[in-house]
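Structural overview for review
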Amino acid sequence: MFSKQEAQQLKKEFWTAFGKSFPRKWILYDTKVKDLSFKFSADNKKAEVSLDIEMKDELFRSAYYEKIWSLEDILKDFIGDFQKEEYFTLENGKVISRIWVDKQGVSIFNKNTWQEIFEFFVDKMEGFERFYLEYEDFIKDI
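- An unreviewed UniProt entry lists the chain under the name DUF4268 domain-containing protein, from Chryseobacterium flavum.

Printed below as a string of C-alpha coordinates:
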(Lines give C-alpha, C1' and ligand atoms only; values in the text may rest on other atoms or scores of the structure.)
Protein backbone atom coordinates (compact mmCIF):
# COMPACT_ATOMS: atom_id res chain seq x y z
CA MET A 1 0.00 0.00 0.00
CA PHE A 2 1.00 3.56 -0.59
CA SER A 3 0.53 6.51 1.72
CA LYS A 4 -1.83 9.19 0.43
CA GLN A 5 1.15 11.38 -0.45
CA GLU A 6 2.96 8.54 -2.25
CA ALA A 7 -0.22 7.72 -4.21
CA GLN A 8 -0.63 11.37 -5.24
CA GLN A 9 3.00 11.52 -6.35
CA LEU A 10 2.66 8.33 -8.38
CA LYS A 11 -0.50 9.64 -10.05
CA LYS A 12 1.30 12.87 -10.92
CA GLU A 13 4.23 10.88 -12.38
CA PHE A 14 1.78 8.74 -14.38
CA TRP A 15 0.00 11.69 -16.01
CA THR A 16 3.30 13.49 -16.66
CA ALA A 17 4.75 10.36 -18.28
CA PHE A 18 1.63 9.98 -20.43
CA GLY A 19 1.85 13.59 -21.58
CA LYS A 20 5.54 13.24 -22.42
CA SER A 21 5.06 9.90 -24.19
CA PHE A 22 2.16 11.14 -26.31
CA PRO A 23 2.47 14.93 -26.56
CA ARG A 24 -0.59 15.99 -28.47
CA LYS A 25 -3.67 18.09 -27.97
CA TRP A 26 -6.75 15.97 -27.35
CA ILE A 27 -10.30 17.25 -27.89
CA LEU A 28 -11.36 16.42 -24.29
CA TYR A 29 -13.44 19.45 -23.26
CA ASP A 30 -13.16 21.28 -26.61
CA THR A 31 -16.20 19.61 -28.21
CA LYS A 32 -17.97 22.94 -28.78
CA VAL A 33 -20.89 21.48 -26.78
CA LYS A 34 -21.20 22.59 -23.17
CA ASP A 35 -21.00 19.65 -20.75
CA LEU A 36 -20.03 17.10 -23.43
CA SER A 37 -16.46 15.89 -22.94
CA PHE A 38 -14.01 13.07 -23.40
CA LYS A 39 -12.07 11.83 -20.40
CA PHE A 40 -9.14 9.62 -19.49
CA SER A 41 -9.13 7.90 -16.11
CA ALA A 42 -7.10 5.24 -14.39
CA ASP A 43 -7.06 3.72 -10.93
CA ASN A 44 -5.62 0.66 -9.20
CA LYS A 45 -7.72 -1.82 -11.22
CA LYS A 46 -8.44 -0.40 -14.66
CA ALA A 47 -7.99 2.33 -17.25
CA GLU A 48 -10.93 4.02 -18.92
CA VAL A 49 -11.68 6.36 -21.83
CA SER A 50 -15.15 7.88 -21.79
CA LEU A 51 -17.52 10.28 -23.44
CA ASP A 52 -19.43 12.02 -20.66
CA ILE A 53 -22.68 13.89 -21.26
CA GLU A 54 -23.16 16.02 -18.17
CA MET A 55 -25.97 18.48 -18.97
CA LYS A 56 -28.06 19.35 -15.92
CA ASP A 57 -31.18 19.45 -18.10
CA GLU A 58 -32.19 15.81 -18.44
CA LEU A 59 -33.96 16.44 -21.78
CA PHE A 60 -30.79 17.79 -23.38
CA ARG A 61 -28.63 15.08 -21.82
CA SER A 62 -31.00 12.41 -23.09
CA ALA A 63 -31.19 14.00 -26.57
CA TYR A 64 -27.39 13.96 -26.95
CA TYR A 65 -27.19 10.43 -25.58
CA GLU A 66 -29.85 9.22 -28.04
CA LYS A 67 -28.11 10.98 -30.95
CA ILE A 68 -24.82 9.27 -30.17
CA TRP A 69 -26.54 5.99 -29.40
CA SER A 70 -28.24 6.11 -32.84
CA LEU A 71 -24.71 5.77 -34.26
CA GLU A 72 -23.93 2.69 -32.12
CA ASP A 73 -22.66 0.46 -34.93
CA ILE A 74 -20.51 3.24 -36.38
CA LEU A 75 -19.03 4.05 -32.95
CA LYS A 76 -18.25 0.35 -32.49
CA ASP A 77 -16.25 0.46 -35.75
CA PHE A 78 -14.14 3.29 -34.30
CA ILE A 79 -13.55 2.05 -30.75
CA GLY A 80 -14.60 -1.59 -30.59
CA ASP A 81 -16.91 -2.94 -27.90
CA PHE A 82 -18.00 -0.37 -25.38
CA GLN A 83 -20.31 0.11 -22.44
CA LYS A 84 -23.03 2.70 -22.06
CA GLU A 85 -25.24 3.95 -19.31
CA GLU A 86 -27.83 6.66 -19.78
CA TYR A 87 -28.13 7.26 -16.03
CA PHE A 88 -24.60 6.84 -14.68
CA THR A 89 -24.08 8.07 -11.12
CA LEU A 90 -20.70 9.61 -10.31
CA GLU A 91 -19.09 9.25 -6.89
CA ASN A 92 -20.34 12.74 -5.99
CA GLY A 93 -23.94 11.69 -6.72
CA LYS A 94 -24.28 13.60 -9.98
CA VAL A 95 -26.15 11.70 -12.69
CA ILE A 96 -24.67 11.84 -16.20
CA SER A 97 -24.81 9.76 -19.36
CA ARG A 98 -21.60 7.92 -20.18
CA ILE A 99 -20.24 5.83 -23.02
CA TRP A 100 -16.92 4.19 -22.24
CA VAL A 101 -14.31 1.55 -22.89
CA ASP A 102 -12.11 0.12 -20.20
CA LYS A 103 -9.08 -2.07 -19.80
CA GLN A 104 -9.09 -4.28 -16.71
CA GLY A 105 -6.03 -5.64 -14.92
CA VAL A 106 -3.86 -2.54 -15.17
CA SER A 107 -2.99 -0.10 -12.42
CA ILE A 108 -1.86 3.49 -12.20
CA PHE A 109 0.19 2.28 -9.21
CA ASN A 110 2.10 -0.35 -11.21
CA LYS A 111 4.67 1.28 -13.51
CA ASN A 112 4.97 -2.02 -15.39
CA THR A 113 1.44 -1.47 -16.79
CA TRP A 114 1.83 2.21 -17.67
CA GLN A 115 2.84 1.66 -21.29
CA GLU A 116 -0.11 -0.69 -21.76
CA ILE A 117 -2.43 1.98 -20.33
CA PHE A 118 -0.87 4.72 -22.48
CA GLU A 119 -1.34 2.67 -25.66
CA PHE A 120 -4.93 1.86 -24.67
CA PHE A 121 -5.62 5.56 -24.00
CA VAL A 122 -4.21 6.63 -27.37
CA ASP A 123 -5.97 3.92 -29.36
CA LYS A 124 -9.39 4.44 -27.81
CA MET A 125 -9.28 8.25 -27.55
CA GLU A 126 -8.16 8.55 -31.17
CA GLY A 127 -11.13 6.34 -32.11
CA PHE A 128 -13.53 8.47 -30.07
CA GLU A 129 -12.12 11.66 -31.62
CA ARG A 130 -12.29 10.38 -35.22
CA PHE A 131 -15.89 9.31 -34.60
CA TYR A 132 -16.81 12.66 -33.05
CA LEU A 133 -15.14 14.76 -35.73
CA GLU A 134 -16.79 12.77 -38.51
CA TYR A 135 -20.29 12.97 -36.97
CA GLU A 136 -19.95 16.24 -35.06
CA ASP A 137 -22.51 18.17 -37.12
CA PHE A 138 -25.09 15.41 -36.69
CA ILE A 139 -24.42 15.07 -32.95
CA LYS A 140 -24.54 18.82 -32.29
CA ASP A 141 -27.81 19.34 -34.19
CA ILE A 142 -30.15 19.26 -31.18
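1. Overview of the UniProt feature "domain: DUF4268" (unreviewed entry) in the chain
- Under the UniProt annotation, the feature "domain: DUF4268" (unreviewed entry) is placed at residues 10-135.
- For the annotated span residues 10-135, helix accounts for 43% and strand for 25% of the residues, and the straight-line distance between the end C-alpha atoms is 37 Å.

2. Looking at the nonpolar core
- By size, the foremost hydrophobic cluster in this structure holds 38 residues, and its most contacted members are Phe14, Leu36, Val49, Ile68, Phe121 and Phe128.
- Where this core is concerned, the elements lending two or more residues are helix H1 (4-21), strand S1 (36-42), strand S2 (46-53), helix H2 (58-69), helix H3 (72-79), strand S4 (95-104) and helix H4 (114-140).
- In terms of residue count, H4 provides more of this core than any other element does, eleven residues in total.
- Not counting chain neighbours up to four residues away, the residues in contact with Phe128 comprise Phe38, Val49, Ser50, Leu51, Leu75, Ile79, Ile99, Trp100 and Val101.

3. Focus on the pattern of salt bridges
- Tallied over the entire structure, the rule returns 15 salt bridges.
- Between Arg24 and Glu126 there is a salt bridge, with its nearest N and O atoms 3.5 Å apart. One end of the pair, Arg24, is in the loop between H1 and S1; the other, Glu126, is in helix H4, and 102 residues separate them in sequence.
- On the basis of relative accessibility, which here comes to 31%, the residue Glu126 falls in the partly exposed class.
- Residue Arg24 pairs with Glu129 through a salt bridge whose shortest N-O separation is 2.6 Å. With Arg24 in the loop between H1 and S1 and Glu129 in helix H4, the pair connects residues that are 105 residues apart, well separated along the chain.
- Using a relative accessible area of 38% as the deciding quantity, one classes Arg24 as partly exposed.
- Residue Glu129 is classed as buried on the basis of its relative accessible area of 5%.
- In the salt-bridge network here, residues are joined through shared partners; they are Lys39, Glu48, Asp52, Glu54, Lys94 and Arg98.

4. Some thoughts on the environment of Phe38
- Inspection of the secondary structure assignment puts Phe38 in strand S1.
- Setting aside chain neighbours within four positions, we find Phe38 in contact with Ile27, Leu28, Thr31, Ser50, Leu51, Met125, Phe128 and Tyr132.

5. Considerations on the side chain of Asp52
- Examined against the element boundaries, Asp52 turns out to sit in strand S2.
- Within the structure, Asp52 has its side chain in polar contact with the side chain of Ser50 (distance 3.1 Å).
- Here Arg98 takes part through its side chain, which lies 2.7 Å from a polar atom of the side chain of Asp52.
- Sequence-distant contacts of Asp52, that is, excluding residues within four places in its chain, are made with Asp35, Leu36, Ser37, Lys39, Ile96, Ser97 and Arg98.

6. Looking at the pairing of S4
- In terms of strand pairing, S2 meets S4 through eight bridges, oriented antiparallel. Bridge pairing in S4 links Asp52 to Arg98.
- Pairing analysis gives five bridges linking strand S3 (residues 83-89) to S4, with the strands arranged antiparallel. Opposite Phe88, over in S4, you have Ile96 as the bridge partner.
- Between the antiparallel neighbours S3 and S4 lie five residues, among them Gly93 with a positive phi of about 95 degrees.

Conventions and cut-offs
- Residues numbered from 1 in each chain as written.
- Predicted model: local features only at pLDDT ≥ 70, side-chain atom pairs only at ≥ 80, totals over all residues.
- Heavy atoms only, no water.
- UniProt positions renumbered as here; feature names shortened; annotations may be inferred.
- Helix = DSSP H or I, 4+ residues; strand = E, 2+ residues; numbered from the N terminus.
- Core = buried A, V, L, I, M, F, W, Y, C linked by side-chain atoms within 4.5 Å.
- Buried < 20%, exposed > 50% of the residue type's maximum accessible area, 1.4 Å probe, protein only.
- Contact = heavy atoms within 4.5 Å.
- Salt bridge = Lys/Arg side-chain N within 4 Å of Asp/Glu carboxyl O.
- Polar contact = N/O pair within 3.5 Å; in protein donor to acceptor, adjacent residues only side chain to side chain.
- Pairing = 2+ DSSP bridges.

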